[in-house]
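What follows is the residue order along each chain.
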Amino acid sequence: MLSKKTKYGLKALTYLARQEGNKPVQISAISESENISRKFLESILLTLRKNGFLGSKKGKNGGYYLLKDPKDIKMAPIMRILEGPIAMVPCVSLNFYEKCDDCPDETACAVHSLMIEVRDSTLQIFNNKSLADLL
């Protein structure tokens, strides 16, 4: 299941993407509009800023804004940053691979084969969907 962190992160990103002129938006405006706890939202937006998706401006007219055009923000890196590995089991992860303790032979494992298909299908969707597609 999708975590609340990821769900709220996607809601916040789409809110920012809908803003005219990409002007900074205060956390309180996003929080109220999307019904997200301000403190939790601060943590999510900070993560997205540290990973190069958002910029921030301090002061009276400050807030968060997108650093890229929504069409250039693909879902795969957003999902990895907010959710973690896309693969459902560590033995098929492209970026977070770990051998399963209970599996002597990955090549003969039925779960491994199925999860590679699931990972590849999921990645195809995330790599071909941008933030603009969510608007």
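Since we're looking at a predicted model, the values are computed, not measured.

J.: Can you lay out the overall build of the protein chain for me, pointing to particular residues and giving the numbers?
T.: Counting secondary structure elements, the protein chain contains 5 helices and 2 strands. For the protein chain, the succession of helices and strands along the chain, N to C, is α-α-α-β-β-α-α. Here the C-alpha coordinates of the protein chain stretch approximately 60 × 25 × 25 Å along the principal axes. Every one of the 135 residues in the protein chain was classed for burial, and the buried ones make up 39%. Across the protein chain, contacts joining residues at least 24 apart in sequence account for 59% of those joining residues at least 6 apart. Total accessible area on the protein chain stands at roughly 8,300 Å², and carbon and sulfur atoms take up 52% of it. If you average the places of the 20 positive and of the 15 negative side-chain charges in the protein chain, the two averages end up 13 Å apart.

J.: Got a sec to walk through the layout of surface pockets? Specific residues and values, please.
T.: Considering only enclosed or pocket space, the largest pocket measures out at about 160 Å³ in volume. Met1, Leu2, Met79, Glu83, Gly84, Pro85, Ile86, Thr122 and Phe126 together form the lining of the largest pocket. Looking at the lining of the largest pocket, the elements that each hand over two or more residues are helix H4 (75-83) and helix H5 (110-128). Among the residues making up the lining of the largest pocket, the classes are represented as 6 nonpolar, 2 polar and 1 charged.

J.: Account for the pattern of salt bridges, with residues named and values stated.
T.: If you walk through the whole model with that rule in mind, you get 4 salt bridges. With a closest N to O distance of 3.3 Å, Arg18 and Glu34 form a salt bridge. On the criterion of sequence distance, the pair formed by Arg18 in the loop between helix H1 (4-17) and helix H2 (27-34) and Glu34 in helix H2 is long-range, its members being 16 residues apart. Relative accessible area serves as the criterion here: at 12%, Glu34 is assigned to the buried category. As a salt-bridge pair, Arg38 and Glu42 come within 3.2 Å of each other at their nearest N and O atoms. Residue Arg38 and its partner Glu42 are both found in helix H3 (residues 38-50); the two are separated by 4 residues, about one turn of the helix. Given the relative accessible area of 44%, Arg38 is considered partly exposed. On the accessibility criterion, Glu42 (32% relative accessible area) is partly exposed.

J.: How would you summarise the side chain of Ser130 if you had to cite specific residues and measurements?
T.: As for its placement among the helices and strands, Ser130 is situated in the segment after H5. Take Ser130: its relative accessible area is 5%, and that puts it in the buried class. Among all residues touching Ser130, those that are not within four sequence positions of it are Pro70, Lys71, Ile73, Lys74 and Met75.

J.: Would you mind going over the pairing of strand E1 (residues 54-57) in detail, with residue names and values included?
T.: Relative to strand E2 (residues 63-66), E1 runs antiparallel, the two being bridged by 4 bridges. By the bridge assignment, Lys57 is partnered in E2 with Gly63. Counting the residues between successive antiparallel strands, the hairpin from E1 to E2 contains 5 residues, one of them, Gly59, with a positive phi of roughly 105°.

J.: I'd like a rundown of the packing of H3 against H4, residues and numbers included.
T.: Between H3 and H4, the shortest axis-to-axis distance is 10 Å and the interhelical angle comes to 130°. Considered as vectors, H3 and H4 are oriented oblique to each other. Between H3 and H4 lies a crossing of right-handed hand. Across from Ile44, Thr47 and Leu48 in H3, the residues of H4 making contact are Ile78, Ile81 and Leu82. Broken down by class, the residue content of the contact of H3 with H4 amounts to 5 nonpolar, 1 polar and no charged.

Criteria and thresholds
- Residues numbered from 1 in each chain as written.
- Predicted model: local features only at pLDDT ≥ 70, side-chain atom pairs only at ≥ 80, totals over all residues.
- Heavy atoms only, no water.
- Helix = DSSP H or I, 4+ residues; strand = E, 2+ residues; numbered from the N terminus.
- Buried < 20%, exposed > 50% of the residue type's maximum accessible area, 1.4 Å probe, protein only.
- Contact = heavy atoms within 4.5 Å.
- Areas by Shrake-Rupley, 256 points an atom, 1.4 Å probe, with all protein chains shown as cover.
- Lys, Arg positive; Asp, Glu negative; His and termini not counted.
- Charge placed at Lys NZ, Arg CZ, Asp CG, Glu CD.
- 1 Å grid on protein atoms, 1.4 Å probe; cavity = no way out; pocket = protein on both sides within 12 Å on 5 of 7 lines; lining within 4 Å.
- Points joined across faces, edges and corners; volume = space filled by probe spheres on them.
- Nonpolar A, V, L, I, M, F, W, Y, C, P; charged D, E, K, R; others polar.
- Salt bridge = Lys/Arg side-chain N within 4 Å of Asp/Glu carboxyl O.
- Pairing = 2+ DSSP bridges.
- Axes fitted to C-alpha atoms, helices over the stretch in contact; angles between N-to-C directions.
- Parallel < 35°, antiparallel > 145°, perpendicular 65-115°, else oblique.
- Left-handed = near helix turned anticlockwise from the far one by under 90°.

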